[in-house]
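The residues making up each chain are set out below.
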Amino acid sequence: MAKSISCSDAGKDCSWSATADSEEELMNKVTEHVLSDHKEIELNAENISGIKSLIKEV
C-alpha cells in the first residue's frame, strides 16, 4: 500500500505533498523538500518521528 504526506498535514501553509511505495522512499522526498523549502526545520530525531507519525496509507 502506498504512503503519502503533505505539508498541510503538519499545519504548514505549503501545498507540497508526496506519495511513495515505501516509508523510506517517502522520507527521502520529505527530506529533500524540507532541505530546499523549509530550512527553518531541523531534521533531528524528534522532528523525524513527528513527521513519520503524519504518514498516511493510501
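Please read these numbers as outputs of a predicted model, since none were measured by experiment. (Residues numbered from 1 in each chain as written. Predicted model: local features only at pLDDT ≥ 70, side-chain atom pairs only at ≥ 80, totals over all residues. Heavy atoms only, no water.)

Draft legend 1. Structural context of the overall build of the protein chain. From N to C terminus, the protein chain includes two helices and three strands. Moving toward the C terminus, one meets the helices and strands of the protein chain in the order β-β-α-α-β. The C-alpha radius of gyration computed for the protein chain amounts to 10 Å, which stays within 12% of the reference 10 Å derived for 58 residues, consistent with globular compactness. Expressed as a percentage of the 58 residues in the protein chain, the buried residues total 28%. Summing over all exposed atoms, the protein chain offers an accessible surface of approximately 3900 Å²; the carbon and sulfur share of this is 47%. Across the protein chain, 6 positive and 12 negative side-chain charges occur, with their mean positions spaced 1 Å apart. (Helix = DSSP H or I, 4+ residues; strand = E, 2+ residues; numbered from the N terminus. Rg over C-alpha atoms; globule rule 2.2 N^0.38 Å. Buried < 20%, exposed > 50% of the residue type's maximum accessible area, 1.4 Å probe, protein only. Areas by Shrake-Rupley, 256 points an atom, 1.4 Å probe, with all protein chains shown as cover. Lys, Arg positive; Asp, Glu negative; His and termini not counted. Charge placed at Lys NZ, Arg CZ, Asp CG, Glu CD.)

Draft legend 2. Layout of the layout of surface pockets. In this model, the largest pocket occupies a volume close to 190 Å³. In this structure, the largest pocket is lined by 15 residues; those nearest its centre are A10, V30, V34, I41 and I51. For the lining of the largest pocket, the elements supplying multiple residues, two or more each, are β1 (3-6), α1 (23-37) and α2 (45-52). In terms of residue class, the lining of the largest pocket is built from nine nonpolar, five polar and one charged. (1 Å grid on protein atoms, 1.4 Å probe; cavity = no way out; pocket = protein on both sides within 12 Å on 5 of 7 lines; lining within 4 Å. Points joined across faces, edges and corners; volume = space filled by probe spheres on them. Nonpolar A, V, L, I, M, F, W, Y, C, P; charged D, E, K, R; others polar.)

Draft legend 3. Spotlight on α1. The end-to-end C-alpha distance of α1 is 20 Å, a good match for the 21 Å that 15 residues give at a rise of 1.5 Å each. Taken as a whole, α1 has its buried residues at L26, M27, V30, H33 and V34. End-on, the buried residues of α1 take up no more than an arc of 125°, which puts them together on one face. For α1, the exposed residues set more than 90 degrees away from the buried face come down to E24, E32 and L35. Buried residues along α1 sit in contact with β1, β2 (17-20) and α2. (Expected span 1.5 Å × (residues − 1). Arc of directions from axis to C-beta. Contact = heavy atoms within 4.5 Å.)

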